[in-house]
Amino acid sequence: MSESESSFQDDVLGELGPDRLGEIAGLLGTDAAGARETVATTVGAMTGDLQEKAGADDDEGNEVRQAFAEVAEPPLQGVATLGGGLLGGGLMAGVLAKVSKPVAAAVSKKTGIPAATVSRVIELLIPVVLAVFAKRAAAGKGATAGAPGATAGAAPGAAPAEGGGLGDLLGQILGGGKK
């Protein structure tokens, strides 16, 4: 599990690129290595929080599952390279914004970096995380197209199939969604 989580973090770091990583390093008052470490810690906390919420049988869990379903069924497939702002940005962007405060607090406690600074880093990471989600969902699409859990255009309010559908979807997007 930690291997696939770190691969998600690696994907986010790769998507960030040196310029945005430099911007984060400047915000943190550290070098590129320090910025990479903080980004990896933050992304790990975000994905862990999302996986936990997606497993909850409540309104918040439904919202997170819907957001993943929305990311997995992008309406405009050629747009994944634009940075994710357009694609799957709706519901998932809102979900990521909601987890940002508790994640910032957790990362701050773990690293000693002020929560306000971590929140700013998260704001920079959200579009990048959305882009990685979209790319991973698109990459896994061929493999899951005919799978029983892959519902064609899941209706709003309909949770993805409970069987292996959600676990497979989370595993495919986050890497390591298996409990």
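Being a predicted model, the structure only gives us computed values, none of them experimental.

Thoughts on the overall build of the chain
A tally of regular secondary structure across the chain gives 6 helices and 0 strands. Secondary structure elements of the chain occur, N-terminal to C-terminal, as α-α-α-α-α-α. Residue pairs at least 24 apart in sequence account for 72% of intrachain contacts in the chain once pairs closer than 6 positions are excluded. With an accessible surface of roughly 8,600 Å², the chain has 55% of that area assigned to carbon and sulfur atoms.

With respect to the packing of aromatic side chains
Across all of its chains, the model carries 2 aromatic pairs by this definition. Both rings, one in phenylalanine 8 and one in phenylalanine 133, keep their centres 5.4 Å apart while their planes meet at 35°; by these two values the pair is tilted. Here phenylalanine 133 lies in helix α5 (residues 115-144) and phenylalanine 8 lies in helix α1 (residues 2-28), a separation of 125 residues in the sequence. Across the pair, exposure class does not vary: phenylalanine 8 and phenylalanine 133 are buried alike. Geometrically, the ring pair formed by phenylalanine 68 and phenylalanine 133 is tilted, given 5.4 Å between the ring centres and 55° between the ring planes. Residue phenylalanine 68 is located in helix α3 (residues 59-72), and its partner phenylalanine 133 is located in helix α5; the two are separated by 65 residues in the primary sequence.

A few points about the side chain of lysine 53
Along the chain, lysine 53 turns up in helix α2 (residues 32-54). Once residues lying within four places of it in the same chain are set aside, the contact partners of lysine 53 are Glu60, Gly61, Val64, Arg65 and Val99.

A look at the nonpolar core
Core analysis: the largest hydrophobic core is formed by 41 residues, its most contacted members being Val12, Ile24, Val39, Met92, Leu96, Leu125 and Phe133. For this core, the secondary-structure elements that each account for two or more residues are α1, α2, α3, α4 (89-111), α5 and α6 (165-174). Sort the elements by how many residues they give to this core and α5 lands first, with 12 residues. Among residues more than four places away in sequence, those in contact with leucine 125 are Val12, Leu16, Ile24, Val39, Thr42 and Val43.

Looking at the confidence of the model for the chain
Any segment with low pLDDT has predicted coordinates that should not be analysed in fine detail. In the predicted model, the chain carries a mean pLDDT of 78, and the fraction of residues at 70 or more is 67%. No element of the chain has a lower mean pLDDT than α6, which averages 66, and none a higher one than α2, which averages 94. Within the model, pLDDT remains below 50 along residues 144-163, and this stretch shows 16 contacts once partners closer than five positions in the same chain are excluded.

Topic: the pattern of salt bridges
A full pass over the atoms with the stated rule returns 6 salt bridges. Ionic pairing is found between glutamate 15 and lysine 135, a salt bridge with its closest N-O pair at 2.7 Å. Of this pair, glutamate 15 sits in helix α1 while lysine 135 sits in helix α5, and the two are 120 residues apart along the sequence. A salt bridge links glutamate 63 to lysine 98; the nearest nitrogen and oxygen atoms lie 2.7 Å apart. Taken as a pair, glutamate 63 in helix α3 and lysine 98 in helix α4 lie far apart in primary sequence, 35 residues in all. Several salt bridges converge on common partners, so that one network encompasses Asp49, Lys53 and Glu60.

Some points on α3
With 14 residues, α3 extends 20 Å from end C-alpha to end C-alpha; this agrees with the ideal 20 Å at 1.5 Å per step. All of the buried residues along α3 are Gly61, Val64, Arg65, Ala67, Phe68, Ala69, Val71 and Ala72. Taking the backbone nitrogen of glutamate 60 as reference, a side-chain oxygen 3.3 Å away marks aspartate 58 as the first, capping residue of α3.

Thresholds applied
Residue positions are given per chain, counted from 1 along the sequence in the order it is written. Given that this is a predicted model, residues contribute local features only at a pLDDT of at least 70 and side-chain atom pairs are listed and counted only at 80 or more, while totals for whole chains, interfaces and linings are drawn from all residues. Water and hydrogen atoms were dropped before computing side-chain values, which therefore reflect all heavy atoms in the structure. In this text, helices come from DSSP runs of H or I with a minimum length of four residues, and strands from runs of E with a minimum of two, each type numbered from the N-terminal end. Only heavy atoms matter for contacts: two residues are in contact if any of them lie within 4.5 Å across the pair. Reported accessibility uses the Shrake-Rupley method at a 1.4 Å probe radius. Residues are deemed covered only where the shown protein chains occlude them. Any pair of Phe, Tyr and Trp rings, taking the six-membered ring for Trp, is counted once the centres come within 6.5 Å. Such a pair is stacked with planes under 30 degrees apart, edge-to-face with planes over 60 apart, and tilted for the rest. Burial here depends on accessible area, computed with a 1.4 Å probe over protein chains only, as a share of the maximum for the residue type. Under 20% is buried, over 50% is exposed, and the range in between is partly exposed. As used here, the term nonpolar core means buried Ala, Val, Leu, Ile, Met, Phe, Trp, Tyr and Cys residues forming a set that is joined through side-chain atoms within 4.5 Å. You can read pLDDT as the predictor saying how much it trusts each residue, on a scale of 0 to 100. One side-chain nitrogen of Lys or Arg within 4 Å of one carboxyl oxygen of Asp or Glu is enough to make a salt bridge. In this scheme, a helix's expected span is set at 1.5 Å multiplied by one less than its residue total. Residues adjacent in sequence count toward polar contacts only when both atoms are side-chain atoms; beyond that, a polar contact is any pair of N or O atoms within 3.5 Å, and within protein one must be able to donate a hydrogen and the other to accept it.

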